[in-house]
Amino acid sequence: MALFELHLVNAIHNGVESYKQDIAAFRALFFGVSEETLNSWHQELLDNSPNFRTGTATGVEQFPMVLVLSGAETVDQRFLDNFASRDSDAQSTSVYFVSETAQVHVLTKHPDLTRVLHVICRAAFEQARQGFLQNGYHNVSYQGSDALTVEERLSAEEMGVYMRRLNFSAASPVKIPLEVSAEPAATRDELNILVLAEDQKSATNVTGGVAVETP
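Q: Got a minute to help me understand the packing of helix α3 (residues 35-47) against helix α4 (residues 111-134) in this structure?
A: In helix packing, the relevant descriptors are the interaxial angle and the interaxial distance, both defined with respect to the helix axes. Closest axis-to-axis distance for the α3/α4 pair is 10 Å, and the angle between their directions is 90°. Taken together, the axes of α3 and α4 lie roughly perpendicular to each other. Listed contacts from α4 to Trp41, Glu44 and Leu45 of α3 are Asp112, Leu113, Arg115, Val116, Leu117 and Ile120. Class assignment of the residues belonging to the contact of α3 with α4 gives a composition of six nonpolar, no polar and three charged.

In structure tokens form, the structure reads like this:
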């Protein structure tokens, strides 16, 4: 697992807290619902503030709960031998791009609160999306929500729990500063390949063409 689930749970937590404090912004997320009902839903959110956790958190939280689980990671793009660059201090870096997925599970004891948290989680993510992009992610998106299977729905009903499952994805670069011994051989300092103009000479007096320079 990488970092996306940690950033996602923080973004959603901050967004939910913001909508708890701003009833006008809360109402703006819903259409076709009376103001009286929206006021009731907002009060229910205030009275039943959800617990936020990742799948690796220890302990048992009480419902309502917003649980963020890390999903698959795939490699999308590689440079030649993963070598990206060398900085002014001669530190080389290996880079490749990955895509990550994460699921947000909303679990409550009341269907309306599950509905409300589903809508707010989507909105909280959108409020945070530019922050994701400004802090190193190249793409982040909401991928929709899954229907529960019959077995999941029946199990949840037995426990008196109402569930929704939302899907998110992100793409980001993985940057790994390399030790000299880990660098690809063709990029090490001791092997610098120079292409010279035909009227130039290298330090070893090779005229034009390609020369291999050693320190």
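Q: How should the nonpolar core be read in this particular structure?
A: Within soluble globular proteins, side chains that are nonpolar generally end up buried alongside one another. With 33 residues, the main nonpolar core has Phe4, Leu8, Ile12, Val104 and Phe132 as its most contacted residues. With 10 residues, the single largest contributor to this core is α4. Here Leu8 is in contact with Val68, Ala102, Val104, Phe125, Phe132 and Phe168, once residues within four sequence places are set aside.

Q: Is there a simple way to explain the environment of Val9 in this structure?
A: Locating Val9 in the fold gives a position in helix α1 (residues 4-21). Put simply, Val9 and Leu69 are 60 residues apart on the chain and 9.2 Å apart in space, counted from C-alpha to C-alpha.

Q: What is the right way to read the pairing of strand β5 (residues 162-177) from this model?
A: If a strand is regular, its side chains alternate between the two faces of the sheet. Across 16 bridges, strand β3 (residues 92-108) lies against β5 in antiparallel orientation. Across the sheet, residue Leu107 finds its bridge partner in β5, namely Met163. Pairing geometry for strand β4 (residues 139-146) and β5, over seven bridges, is antiparallel. Within β5, the position partnered with Ser145 by the bridge is Leu166.

About the thresholds
- Residues numbered from 1 in each chain as written.
- Predicted model: local features only at pLDDT ≥ 70, side-chain atom pairs only at ≥ 80, totals over all residues.
- Heavy atoms only, no water.
- Axes fitted to C-alpha atoms, helices over the stretch in contact; angles between N-to-C directions.
- Helix = DSSP H or I, 4+ residues; strand = E, 2+ residues; numbered from the N terminus.
- Parallel < 35°, antiparallel > 145°, perpendicular 65-115°, else oblique.
- Contact = heavy atoms within 4.5 Å.
- Nonpolar A, V, L, I, M, F, W, Y, C, P; charged D, E, K, R; others polar.
- Core = buried A, V, L, I, M, F, W, Y, C linked by side-chain atoms within 4.5 Å.
- Buried < 20%, exposed > 50% of the residue type's maximum accessible area, 1.4 Å probe, protein only.
- Pairing = 2+ DSSP bridges.

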